[in-house]
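Chain and residue survey
What follows is the residue order along each chain.
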Amino acid sequence: MTTRPIIIGSERSEVGLPAGMDLLRHGGSALDAVEAALRLCEDNLEDHYVGTGGLPNARGEVELDASVMIGSSRAFGAVGAVRGFPHPISIARAVFERLPQHCLLVGSGAELFAEEQGFERAELLTDEAKRLFRESLAPSDESVEGEKTVAARGDDRYRVTAIELVKRFRPHDGPWGTINVIALDESGEMVVGVSTSGYPWKYPGRVGDSALPGTGIYCDLRYGGAACTGRGEMSMRVTGARMVVDALARGEAPSQACRLMLAEAATLPDAYAAELRTLCLTPVGQHGGAAGQRGSTYNVMTTASTVPEVFPRTPL
Ligand code: GLY
């Protein structure tokens, strides 16, 4: 029996989903589709939350996290805090395909592995990202506290804290959002992939939920796959993606499964009142998403699509 292919992704995945669907339409694997879609997102210079053009850490260095998980085997590969390589999703794939036993490599070890495997290097810090980095360090007077959402005020508070962190570093002496993609192929295999530069001005070496199974990513072909964007520490604290898949396993509808996880995260004390979003896909192609606030969306393509269709996420 063949399954009808589908690919879904978070906000800003639209630059990659058509390439992923093109592969799926021609019998390609969910793994190839997820990788192809995310590589295009990683190459999108206008996106400052993933790949080349990603915003740097507190030292002005771009550090990338990415992971991939296979639904049938729950095989998992990930990299964290990788510098100088523009396609962390491909390195994450290579970790589980070519490195026996390993699931996750970070920092210099991940870079050594990428070098050995012949992955291309590139300068990831673009002039635009540098400009945004510098400007963000200047105090802003445009915020009108009363007009901001809780999440925006939380981001403001985080920014002030981050600036305090940045002040502790000497200038560097050498040099958010995350994208989720979930694909189901005609053989019935499901794969989830995630790629990110993490949140801007993060502490050097910080690895987020995007590289950690069960938190920013999870896939179990019996029930479905899920992934998160937003403040990764919140999904780490509730094991977000695993919670969504567990809710699917209990028979919850996709949007409700996502919403239940966010409701749990919202019970935690969080000084930055951070935004968290999630989406999921079931083995029969049902999908859903949820977000902490109204207006958030996700993208879907089926074999009948010519362009990604935008769906609203259920607000918490
Ligand atoms: N969710 C991505 C991150 O926190 O890095």
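First things first, this report covers the structure right here in the doc. Keep in mind that what you see is a predicted model, and the values were worked out from it rather than measured.

Reading guide: rules and limits
Residues numbered from 1 in each chain as written. Predicted model: local features only at pLDDT ≥ 70, side-chain atom pairs only at ≥ 80, totals over all residues. Heavy atoms only, no water. Helix = DSSP H or I, 4+ residues; strand = E, 2+ residues; numbered from the N terminus. Rg over C-alpha atoms; globule rule 2.2 N^0.38 Å. Buried < 20%, exposed > 50% of the residue type's maximum accessible area, 1.4 Å probe, protein only. Areas by Shrake-Rupley, 256 points an atom, 1.4 Å probe, with all protein chains shown as cover. Lys, Arg positive; Asp, Glu negative; His and termini not counted. Charge placed at Lys NZ, Arg CZ, Asp CG, Glu CD. Near = heavy atom within 4 Å. Polar contact = N/O pair within 3.5 Å; in protein donor to acceptor, adjacent residues only side chain to side chain. Contact = heavy atoms within 4.5 Å. Pairing = 2+ DSSP bridges. Axes fitted to C-alpha atoms, helices over the stretch in contact; angles between N-to-C directions.

Assigned secondary structure in the protein chain consists of 9 helices and 13 strands. For a compact globule of 316 residues, the expected C-alpha radius of gyration is about 20 Å, and the protein chain comes in at 18 Å, within 12% of that figure. The principal-axis extents of the C-alpha atoms in the protein chain amount to approximately 60 × 50 × 35 Å. For the protein chain, the residues scored as buried account for 55% of the 316 residues in total. A total accessible area of about 13,400 Å² is found for the protein chain, and carbon and sulfur atoms account for 52% of it. Seen as two clouds, the 31 positive and the 41 negative side-chain charges of the protein chain have centres 4 Å apart.

Turning to the site of the ligand, a few remarks are in order. The ligand sits among T178, G198, R206, D209, S210, G230, R231 and G232. A distance of 3.3 Å is found between a nitrogen atom of the ligand and a side-chain nitrogen or oxygen belonging to T178. For the ligand, a nitrogen atom lies 2.7 Å from a polar atom in the backbone of G230. In isolation the ligand has 200 Å² of accessible area, and contact with the protein removes 100% of it.

Moving on, we get to the side chain of T229. Relative to the elements of secondary structure, T229 occurs in strand β8 (residues 224–230). For T229, the residues in contact, after removing those within four places along its chain, are S10, T178, N180, L276 and R277.

Bringing the sheet that holds strand β11 (residues 297–302) into the picture now. Read across the open sheet, the 8 strands follow the order β4-β3-β2-β6-β5-β1-β11-β12; overall the sheet is mixed. The open sheet has two edge strands with one neighbour each: β4 (104–106) and β12 (309–312). Geometrically, the sheet is characterised by an average inter-axis angle of 15 degrees between neighbouring strands, direction not taken into account. Where strand β1 (residues 6–10) lies against β11, 5 bridges are found, and the strand directions are antiparallel. Residue pairing in the sheet places I7 in a bridge with M301 of β11.

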